[in-house]
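Residues per chain, in single letters:
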Amino acid sequence: IEMRVPCTGGRFHKVRLRLHSWSKREVVNNPCEKKFGPFYREQPCNQYALARNRRMDIHLIRRLARSQNPKAVPILFDAARNAERHDIRAHAIRGITQMGQIAIPTLEKYLRQNRHLLLTCRILGLIQSPQVIPALAEKALHHKNPRVRREACQALSHIEHPDIIPLLSRIFLDANE
């Protein structure tokens, strides 16, 4: 991802970041490297690009979401799970939902692997795609954890589709038996 960052003398320039996960990033291209050699790592532009601050985190999330790259989904999901600030987690969730259909394969994979089910169900409900009805219905009907079943039902209730009302009725009837 390319980011515009402040440098010395009040100037700005672009640096290129590589994100391995939400918590691990590295600067892979900084024009100050040519100017300062190995000391470019000490320059304000490099420090700013690697900093953990609200403004930079939100900017990164927006850039990742706008990229519409499926490889960005796990990084945004990691931010939604692990960011220290609540508002950063909320921005990450919003970023995934803005990616829409592109995020669904990764999120469905998380459902199949039983990874972070509450958050995965919540995000799938916000995306509101009928494509995920079977996967959410499976969790709502058969998962052993009642919190997961409830979150899957809530996610299903956000999806506008003719099959939802009969499905939710069936789930609630099965729960009462």
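Check the entry above for the structure.
These numbers were taken from a predicted model, which means no experiment stands behind them. Counting of residues starts from 1 at the beginning of each chain's written sequence and follows it residue by residue. Side-chain atom pairs in this predicted model are given and counted only at pLDDT of 80 or more, local residue features only at pLDDT of at least 70, and totals for whole chains, interfaces and linings cover all residues. In computing side-chain values, all of the structure's heavy atoms are included and hydrogens and water are not.

## Structural notes on the pattern of salt bridges
The salt bridge definition used is simple: a Lys or Arg side-chain nitrogen within 4 Å of an Asp or Glu carboxyl oxygen. Enumeration over the complete set of coordinates arrives at eight salt bridges. Between Asp-87 and Arg-85 there is a salt bridge whose closest N-O contact spans 3.0 Å. The class for Arg-85 is partly exposed, based on a relative accessible area of 42%. Notably, a salt bridge pairs Arg-122 with Glu-151, separated by 3.6 Å at the nearest N-O pair. Here Glu-151 lies in helix H9 (residues 146–157) and Arg-122 lies in helix H7 (residues 117–127), a separation of 29 residues in the sequence. Accessible area is worked out with a 1.4 Å probe on protein chains only. A residue is then buried under 20% of its type maximum, exposed over 50%, and partly exposed in between. When its relative accessible area of 38% is taken as the criterion, Arg-122 is described as partly exposed. Note on Glu-151: relative accessible area 11%, which makes it buried. Only DSSP runs of H or I reaching four residues or more are called helices, and only runs of E reaching two or more are called strands; each is numbered from the N terminus.

## A short note on the packing of helix H8 (residues 133–142) against H9
Two numbers describe how H8 lies on H9: the axes approach to 7 Å, and their chain directions differ by 145°. H8 and H9 meet at a crossing whose hand is left-handed. Within the contact between the two elements, H8 uses Ile-133, Leu-136, Ala-137, Lys-139, Ala-140 and Leu-141 and H9 uses Val-148, Arg-149, Ala-152, Cys-153, Ala-155 and Leu-156. Residues belonging to the contact of H8 with H9 are distributed by class as follows: ten nonpolar, no polar and two charged. Axes, fitted as lines to C-alpha atoms, cover a helix only where it is in contact. Angles between the N-to-C directions of the axes lie from 0 to 180 degrees. What makes a crossing left-handed is the near helix being turned counterclockwise from the far one by less than a right angle; a clockwise turn instead makes it right-handed. Should any heavy atoms of two residues lie within 4.5 Å, those residues are counted as being in contact. We call Asp, Glu, Lys and Arg charged. Ala, Val, Leu, Ile, Met, Phe, Trp, Tyr, Cys and Pro are nonpolar, and the rest, Gly among them, are polar.

## What to know about the sheet that holds strand E3 (residues 25–29)
We treat two strands as partners when DSSP finds at least two bridges between them. Here three strands make up an open sheet; going across it, the order is E1-E2-E3 and the pairing antiparallel. Only two strands of the sheet have a single partner each, and these edge strands are strand E1 (2–6) and E3. Strand-to-strand twist of the sheet, defined as the mean angle between neighbouring strand axes without regard to direction, takes the value 50°. Set on the sheet, helix H3 (residues 54–67) makes contact with E1, strand E2 (12–19) and E3; between it and E1 the angle comes to about 155°.

## Thoughts on the environment of Gln-154
Assignment of secondary structure puts Gln-154 in helix H9. On a C-alpha basis, the gap between Gln-154 and Lys-34 in space is 54 Å, while along the polypeptide they are 120 residues apart.

## Concerning the nonpolar core
Take the buried residues of types Ala, Val, Leu, Ile, Met, Phe, Trp, Tyr and Cys, join any two whose side-chain atoms come within 4.5 Å, and each joined set is a nonpolar core. The biggest cluster of nonpolar side chains holds 58 residues, and the ones touching the most others in it are Trp-22, Leu-107, Ile-123, Leu-136, Leu-156 and Ile-171. With seven residues, the single largest contributor to this core is helix H4 (residues 72–82). Excluding residues within four positions of it along the chain, Trp-22 makes contact with Arg-52, Asp-57, Leu-60, Ile-61, Ile-75, Asp-78, Ala-79, Ala-83 and Ile-88.

## With respect to H4
Within H4, eight of the eleven residues are buried, which leaves it mostly tucked inside the rest of the structure. Among the residues of H4, those classed as buried are Ala-72, Val-73, Ile-75, Leu-76, Phe-77, Asp-78, Ala-79 and Ala-80. On the buried face of H4, the contacting elements are E2, H3, helix H5 (86–99), helix H6 (104–112) and H7.

## Observations regarding unusual backbone geometry
Located in the positive-phi region is His-116, a residue other than glycine, with phi close to 50°. Structurally, the position occupied by His-116 is in the loop between H6 and H7. By relative accessible area, His-116 is classed as partly exposed at 31%. Positioned with a positive phi, Gln-128 is a non-glycine residue whose angle comes to about 65°. Structurally, the position occupied by Gln-128 is in the loop between H7 and H8.

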